[in-house]
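Each chain, letter by letter, is given below.
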Amino acid sequence: MKMNPPAPRQYWRSLEEAAGTPEFLDFLHREFPSGASEWTDAFSRRDFLKLMGASLALAGLGACTKQPIERIVPYVRQPEEVIPGKPLFFATAMQLGGYASGILVESHEGRPTKIEGNPDHPASLGATSIFGQAAVLDLYDPDRSQSVTHEGEISSWEAFLAQMSDALRQQQAGQGAGLRLLTGTITSPTLASQIQVLLAKFPRAKWHQFEPLGRDSVRGGALMAFGEDVETQYHFDKADVVLSLDSDFLFSHPGSLRFTRGFTDRRRVSAGRGGMNRLYSVESTPSITGSMADHRLPLRASEVEAFAQALAAELARAGGGGGGPHGEWMAPLAADLQANRGKSLVIAGEQQPPAVHALAHAINHTLGNFGASVTFTPPVRANPVNEMDSLRELMADMKAGNVEILVILEGNPVFTAPCDLNFARGLSSVKLSVHLGSHEDETSALCHWHIPAAHFLETWGDTRAFDGTVSIVQPLIEPLYAGRSGGEVLDALTQAPVRGPYDIVRDFWKTRNLWPDFEKGWRKALHDGFIAGTAFPETRVVFRPPDIKGGEKQEGIEIIFRPDPAIWDGRFANNGWLQELPKPLTKLTWENAALVSPATAESKRLANGDIVEIRCRGRHLRAPVWISPGHADNAVTLPLGYGRERAGRVGSGAGFNAYALRTSGAPWFDSGAEIVHTGECHSFATTQHHHSVEGRDIIRAGTLEEFLSNPDFASKMGGLPSREDTLYNPSEHEHAGYAWGMVIDLNTCTGCNACVIACQAENNIPVVGKDQVTRGREMHWIRVDSYFSGNPSNPEVSNQPAPCMHCENAPCELVCPVGATVHDNEGLNVQVYNRCIGTRYCSNNCPYKVRRFNFLEFNGALTPSEKLGKNPNVTVRSRGVMEKCTYCTQRITAARIAAEEADRKIRDGDLVTACQAACPAAAIVFGDIHDPNSRVSKLKKHPLNYSMLGDLNTRPRTTYLAKLRNPGPSP
Amino acid sequence: MHEDPSPSDETSLGYPSELLAADQSYESVTETIASVVLTKPQPRVWFFGFAIAFSLLMVFLFAVSYLLLRGVGIWGINIPVAWGFAIVNFVWWIGIGHAGTFISAILLLLFQQWRTAINRFSEAMTLFAVACAGTFPLLHLGRPWVFFWILPYPDTMGVWPQFRSPLVWDVFAVSTYFTVSLLFWFLGLLPDLATMRDRAVNRPQRLFYGILALGWRGSAVHWQRHQSAYLLLAGLAAPLVLSVHSVVSFDFAVAIVPGWHSTIFPPYFVAGAIYSGFAMVLNIVIPVRKIYKLESVLPMRYLNNMANVMLATGIMVAYGYFIEAFMAWYSGDIYDRFMMFNRAFGPYGWVFGLLMLCNVIVPQALWSKRVRRNTASLFIVALFINVGMWLERFVIVITSLHRDFSPSAWSMYYPTIWDWATLMGSIGLFLSLLFLFIRLMPMISISEVRELVAEPWKRKARA
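**Section: the overall build of chain B**
Right, on to step 1. In terms of helices and strands, chain B carries 17 helices and zero strands.
Right, on to step 2. Radius of gyration (C-alpha) of chain B: 23 Å, near the 23 Å computed for a compact globule of 463 residues.
Right, on to step 3. The principal-axis extent of the C-alpha atoms belonging to chain B is close to 70 × 55 × 40 Å.
Right, on to step 4. Taking all contacts inside chain B whose residues are at least 6 apart in sequence as the whole, residues at least 24 apart take part in 82%.

**Let's talk about the nonpolar core**
Within soluble globular proteins, side chains that are nonpolar tend to cluster in buried spots.
Right, on to step 1. Within the largest apolar cluster, 417 residues are counted, with the highest numbers of intra-cluster contacts made by Ala 594, Ile 614 and Val 636 of chain A together with Val 281 and Leu 282 of chain B.
Right, on to step 2. With 17 residues, helix α9 (residues 265-291) of chain B is the single largest residue contributor to this core.
Right, on to step 3. Beyond its immediate stretch of four places on either side in the chain, Val 636 of chain A contacts Ile 557, Ile 559, Ala 594, Leu 595, Val 596, Ile 614, Ala 673 and Ile 675 of chain A.
Right, on to step 4. Ranked by size, the runner-up nonpolar core spans six residues in total, among them Ala 328, Tyr 335, Phe 338 and Phe 405 of chain B.

**Quick look at unusual backbone geometry**
Right, on to step 1. Cis geometry marks the peptide bond from Ile 79 of chain B to Pro 80 of chain B, where omega comes out at 20°.
Right, on to step 2. Tracing the chain through its elements places Pro 80 of chain B in the loop between α2 (44-70) and α3 (85-96).
Right, on to step 3. Positive phi values are uncommon outside glycine, yet Ala 922 of chain A reaches one of about 50°.
Right, on to step 4. Structurally, Ala 922 of chain A can be placed in the loop between α29 (914-918) and β35 (924-928).

**What to know about the domain arrangement of chain A**
As a measure of interface size, the accessible area lost when the parts come together is often cited.
Residue and element names in this part refer to chain A.
Right, on to step 1. Split by domain assignment, chain A resolves into domain 1 (7-62), domain 2 (149-214 + 383-456 + 478-513), domain 3 (231-377), domain 4 (557-686) and domain 5 (701-726 + 739-965).
Right, on to step 2. Centre-to-centre, using C-alpha coordinates, domain 2 lies 31 Å away from domain 4.
Right, on to step 3. Opposite the 16 residues of domain 2 that make contact, domain 4 presents 20 residues.
Right, on to step 4. At the level of secondary structure, the elements contributing two or more residues to the side of domain 2 that touches domain 4 comprise α13 (387-399), α14 (413-416) and α16 (442-446).
Right, on to step 5. Residue classes in the side of domain 2 that touches domain 4 are distributed as eight nonpolar, three polar and five charged.

**Describing the sheet that holds strand β10 (residues 278-283) of chain A**
Residue and element names in this part refer to chain A.
Right, on to step 1. The sheet built from four strands is open, its strands ordered β11-β10-β9-β12 with parallel pairing. Lying at the two open borders of the sheet, with one neighbouring strand each, are β11 (295-298) and β12 (344-348). The average undirected angle you get between the axes of adjacent strands in this sheet is 10°.
Right, on to step 2. Inspection of the sheet shows strand β9 (residues 241-245) paired to β12 by five bridges, in the parallel sense. Pairing of Ser 244 across the sheet is with Ile 347, part of β12.

**Regarding the sheet that holds β35 of chain A**
Residues and elements named next belong to chain A.
Right, on to step 1. If you trace the four strands from one edge of the open sheet to the other, you get β35-β28-β37-β36, paired in mixed fashion. The open sheet has two edge strands with one neighbour each: β35 and β36 (945-946).
Right, on to step 2. Pairing geometry for β36 and strand β37 (residues 958-961), over two bridges, is antiparallel. Paired with Tyr 946 across the bridge in β37 is Tyr 960.

**Section: helix α12 (residues 354-366) of chain A**
All names here are of chain A.
Right, on to step 1. Between its first and last C-alpha atoms α12 spans 18 Å; for 13 residues at 1.5 Å apiece the expected length is 18 Å, and the two agree.
Right, on to step 2. Counting buried positions along α12 yields 13 of 13 residues, so the element is predominantly enclosed.
Right, on to step 3. Following α12 by one or two positions, Gly 368 has its phi on the positive side, about 70°.

**Re the interface of chain B and chain A**
Right, on to step 1. Chain B puts 38 residues into the contact, and the matching count from chain A is 43 residues.
Right, on to step 2. Among the elements of the structure, α6 (166-199) and α11 (334-345) of chain B are those that each provide at least two residues to the side of chain B that touches chain A.
Right, on to step 3. Sorting elements by how many residues they give to the side of chain B that touches chain A places α6 of chain B first, with three residues.

**A closer look at the environment of Ala 566 of chain A**
Right, on to step 1. Mapped onto the secondary structure, Ala 566 of chain A falls in the loop between β19 (557-562) and α20 (576-579).
Right, on to step 2. Leave out the neighbours within four places in its chain, and Ala 566 of chain A touches Leu 578, Gln 579, Leu 581 and Lys 583 of chain A.

**Concerning the confidence of the model for chain A**
Caution applies to low-pLDDT parts of the model: their predicted coordinates are not meant to be read in detail.
Residues and elements named next belong to chain A.
Right, on to step 1. Taken as a whole, chain A shows an average pLDDT of 87; of its residues, 90% reach a score of 70 or greater.
Right, on to step 2. Below pLDDT 50 for its whole length, residues 1-19 participates in eight contacts with residues either more than four positions away or in separate chains.
Right, on to step 3. Confidence over residues 27-41 falls short of pLDDT 50; this stretch has 25 contacts with residues more than four positions distant or in other chains.

**Examining helix α23 (residues 754-762) of chain A**
Residue and element names in this part refer to chain A.
Right, on to step 1. In terms of residue burial, α23 counts as a mostly covered element, since nine of its nine residues are buried.
Right, on to step 2. Residues of α23 that are buried include every one of Ala 754, Cys 755, Val 756, Ile 757, Ala 758, Cys 759, Gln 760, Ala 761 and Glu 762, and no others.
Right, on to step 3. Where α23 terminates, the next one or two residues include Asn 764, which has phi positive at roughly 55°.

Reading guide: rules and limits
Residues numbered from 1 in each chain as written. Chains lettered and ligands numbered in written order. Predicted model: local features only at pLDDT ≥ 70, side-chain atom pairs only at ≥ 80, totals over all residues. Helix = DSSP H or I, 4+ residues; strand = E, 2+ residues; numbered from the N terminus. Rg over C-alpha atoms; globule rule 2.2 N^0.38 Å. Contact = placed C-beta atoms within 7 Å. Core = buried A, V, L, I, M, F, W, Y, C linked by C-beta atoms within 7 Å. Buried ≥ 20, exposed ≤ 12 C-beta atoms within 10 Å, placed from the backbone. Domains from an automatic or database assignment. Nonpolar A, V, L, I, M, F, W, Y, C, P; charged D, E, K, R; others polar. Pairing = 2+ DSSP bridges. Axes fitted to C-alpha atoms, helices over the stretch in contact; angles between N-to-C directions. Expected span 1.5 Å × (residues − 1). pLDDT = per-residue confidence, 0-100.

Laid out in C-alpha cells, this is it:
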C-alpha cells in the first residue's frame, strides 16, 4: 500500500506550490508587506484569496523578525500621530541628472499627493520645476515595473542575489576585470562611497557614468580655462547685465530655479525702484530664457563660438570700434558689459562646446566678474569624468567581449546612447546584464535581469545640489512594488551584510562625524531637507587664457539637439501631466517636432505638420515640421526624448526619436544635414493657435525708459469703467471680510509652466490625451499664453499665465440657468459641480476662456494607483461638468480653519495658491485685497497694474503687472 | 410642373376672386381629403418616403443612445466653441416651427382665408419641428439626466433656477409655445376627427377617431363654442409667434460674445423663423399636393401667397444682416469689427458666402411671378432658404464663438460624424412624424375648406 506523506510535509509542499505563483514569490521576498505595496493592477478575488491564505500561513513566521525602526521626520508640524484629513509635510530632495532640488512633500494619510519647493534649500528657494511637480504622478504610474524579471520572466530578488553571487565569485579571480557599472551622473555621497567599496573589492572593475543630457562641455570648458574641473556658480542676483551664449539657464541648468529667482528679482520695478537688469541672449532654439531677453540674437548653435570669440576680442580691445560678424549687435553689448564690470555675467549653454565655455570664462575674467557675479567651487559630481569618453570606453570593452557583468543603475542607455555607439549591440555581448529601472523600458528589454527601481518618494538616498549642499532623500511611503534603491543593488554587488536602504544611507553618514550628536544632527537634516553647511566653499581658480582655434564655418542645414521642454531626455515620457503640458512657445503637446525658422520654412517650402526626412551622415529620420518664430535660420532643432517604444501606456509611440541622429562626436549639433519632403502631413495637438493680441487690451508692455519717465503709462492705456456706471446699487453687496485677489507679474514671468503642473497636481486635473487636445479640450485651469510681436524671424515674446479672473461682474454667472456658478462673499467666482448640468453657456460667455468642460468621462479610467495620488480635498469631477480655477479654495478653507482655531484672521502669507507656491520667479501673488498691507494689495496699487480686457467691465480680481523690457540705449 | 390654370380669377388688385374652383362641393371637398386617410390605398411613394424617414429616425436613436452613453464629447464641440450643431439645430427647428402658428393664428386673425388649405398641415409641421427642436437643448446638456433642474419646482434644498439666464426663459417660451400649438391644432382637428369617425370603414378606425373626436356631434352649440375657443387660442398663439423666437434670440443677445450681443436679434430672428417656416411648408406641401392630387383644394395662388410672405421676410432678414454689419462698423467696437470681418473673410467665410447665396441672392428670384407660380422653381428656392437658414445659425453660433475676445483661445470647430448623424436623424424624426400624420389625420382642414365652399359671397364682399 502506498502511504501518503505525513500531513505536515504535505502542508509545506503545497505551500511551495503556492510559492510558485508570482504574487506569492513577491510576497515571500518582502518582509513587511504593507497594504499599499500589495496592490496590483487587476486584483482578482482569486489572487486575493491566494494571498490571504499565504499570509495566514506565514503569519507566525513574520512575527519572528523584529521590524526595524526607520524614522522619518515631518517638516512643518510634528503631530503625535497622523490626524486624518490633516496633511503632513516631509522634506526630501529630487534629483535630475544627478543634481538635487529640495522639496517638501505633502502627505495625506501616508500618501504623498503634492510636491512643493523647500524654501530653505538653495536650489529651490520654495519653487519647483515642472519635473518636481510632476514627480508625484510618476510614483503612482501604473506602468512602473512591479517585479524582478529574469529574461522577461517574473523572478525574485533572492534569485537575482543567488545568480549575482555566483557570477561575482567567478569575477573574484580576475579582480573584477569583467565587471562594469554604468550609472548616470552621481552626486550622492553614499552611492559614491559604495562604488568605491565595490572598486576596492574588484580593483579591475570599472565605473562608467553617462547622462544623455550631460554636462561634459561645462567640465571641458573649466578644464580649458582653469586646468582643473570646477563648478561655476552664477549669481544672477548680483548681475545687472547678463549675456547668455545659447544657455537656457532659466530652465535647463541644475540651478535654474535659483537663477530664475535671482534673475527676476533684479527685474522687479516699483515706483521707487527703477533698476532692472538687462539680458542679452544669443540662441539657436527659442527658449524661455530667450523670451525674457531684452536683446535676442538668433544664431545657429555652431556660430555661437565665433560670436563669443569676437566678443572676447572686442572686450580685449577695451572698447575698440565695432566690426566682426554682428558688429551692430556686439558693439553696444560690449560697451554695456564694459560699463558693468563686476556686475555682469556671461553664461554658456550646456549644449555649446567647451571652447564657448572657456570663452565665457575668459569674458567673465576680463570683466572682473570672478569673485563677484561668478564664483567657483569644487565639482559637485562625485567622480567627474568626461561621460561621453566614459561611455565610449565601455562600448569598446563590450565590443571586445571584455564585459562579463554589466550593472546599469537607472537610466535607459539603449534609448539614449549616441546612435553611432550602438549600445544595444554591445549589450548583447555581455554575459550577465542587470538593469535597475523604474519601468521595463528599452534597456531592460535587452538585459538579463530587470530590477524595479524604487521611486525617490519610496526609498532612502542622498544627493547634492548644484552648490554642493547635501540632502538626505527620505521616503514617504513603502515601495508600492518591489522597488529597490541603487544602494541596495550596490550592496548586492559588494555582498555587504543585508541592510535596508535606510541603513545604507544612515551608516554612511554615521561614519562622516558631521555632528557631535549624530541622532540630533540626522533628525535635523531630515527635518530641514538638507544638511546645513555642506555647500562647497568657494575655491580660487587661476585663469589661463585658453588657446582656442576659430570655429570653422559650417555648411548646409544644421541639426541641433535639445532637451525636450516637457519630458527632458525621455525619462518622463510616461508622465501624462508632462506629455500634455503645452511646451513653452510652441504650445505643442504629446510629441516633439522638428523646429525650423520661418525663413528656412519658406526657402524649403515647409508648412507646419509637413513630414520631412532629415538626413545627416548617412542616417535619416522622419519628423514633422513646426515653424518656430525666432529660430536660427538654416537649422533644425530636434528635441530629444520622444519616440520611445517601451515607455508605457502614455508615452510609447509618441513623437520621433531624435537620438537616432545623435552621435557621440556631435552630441548637441551637427552640420550638413538635408531636409527632404515626403509629401506626407501630420496633425499636431497644440493648445494655442493664434499668437497675436490683435491690438486688444490683453498684454500691456513698455520699456523701462517709458516706465521711468511715465510710471503710469500702463494704467493710462485704459482703465476700468466706473463702479457707479450701473443701474444697481454699487454698494449693495459690499463685504467687510476677506476679498481674494491675485496679481501676476508679466515682467518676471518666464513662462516656465511650473504653475500649470502645480495646478494640475493640486486640483486633480485629468489628462485627456492627444486626440482630445487636438479637439481643443485640454483641462488646464491655468494656461500660459505666448503672444508674439514684431518680426517673425526674431519676435518679442510675452508670456501670460491665465487662470480664472474671478471677475466681480462675472459674465459666466449671469447666464447659468441653474446657478451652478455663483459669487461668494469673498469675491470668489465658485463653480458648484454638483449643481452643474453642463449647458456650457458660462464658457461661451467667458471672455478669457478659462473654463474647462468634462466633455467625456476623463476620470473614468483611473487605475487604483492613480486614485491614490489624487488630492483628497478636491472633488474629482465627472463627465458633463464645467470646472475652472478656484483660487485653490481648499487651501483658503484650510487656512481659514487654522486661523479660526487660533482665533485670528488669515495673515498675509498664510495662504498661497498652488501656482504661486511653484512659481520660481515669484511672479504670482495672491491674498486679501481688503488688507491694505498685504502684498497683493500693494501690487494692485503698483503703477503697472492693469486688468486684462478691463474695458468689458468684468472687473477681474486677477490682474497683471505690465511687462517691461530694458533695451540698451543704442541697438 | 403645374402652372396655375386660371390666373384670370383675380380682381384688379390681385386678390383671388374665388379661393376654390367653382365646381367644388361639400361632398367633393370631404371626399378629396378624407379618402387619403380612409379609403384610398397609400401610394408607393408614401412607403418609400416613410422607409427613408424611419431609417433616419433609427440613426437618430442610435446617435442619441451613443451620446447618452459617452457624453457630448462625441461631438465636435470644444473650448471656445462650446455650442455646436445641437444649438444650431435647435434654433433651426424652432424657426421652422414658426410657420404653423403664424399661418393658423395670425392669418386667421387677419382673415386670410387662403390659409385654410395649409393651416392643418403647417400646424402639424410646427408641432413636429418643435418636438425636434426640444430634444436638442436636452441632449446638448453635459448631464441630461438632471435637465429638470432648469424647471422651477419646489426642490427640497430650496434651490431655484437662475432666472436671469435666457436658457430658463427658453424653457418657458418653448414649452408654452408647444402646449398652445398642440391645443390649437387639436381643437381645429376636432370637427374633422368626427367626420373621419363618421366615414370610418372599419371598427378600429371608428374607435381611433371616435375617441379622439371627444364626442363631437356637430351641434350648433358645439360649433359656437368651438369657434370662440379657436379664436381665443388664436389670440393667445399670435403673440407667442413673436415671443418664442425673440426669447430664443436672447440666448445670444444677452451674452457678451461679439456677434451675439446685438439688439436687433429679436425681430431679426422672428423674421428669419417665419422665413424658414414658410420655406419648410412649401418644401412639404408641394410634393404632397402633387402625390395626393390636392391641386383642387390647394390651388397655385396659395403657394403664390406663401412665396410672397417668404420674399417679404427674406428682405427683413437681409436687412438684419446688413444692419449687423453696419452696426459693427458704426459702433467702432474693435471686437465687433473683427467679428464681422472674420465672419466674412475668416476661416468660415465660405459658410457666410453660402449663407448670402441661399438667403439673400437666390430668394430674389421670387420677385418673378413665373418663379412663384411654378412649383418646381418654388420648391428649389424654398430648399435654398431652408439650407440658408441653417447656415445662418451656424454662422451665428460657431463663427462668433470660435474667435471671441482672447486670441490665445481661438480655435476651430469641426463637426463629427455624430453631429451629422444627429442632424440627419432629427430630420428623420420630423419626417417620420409627418408621414404618420399624413397617413392618420386629414391633412387639410375639411371643415374650414367647406366654409369656403359655403360662403363665396362672403369672400367676394371682403375681397
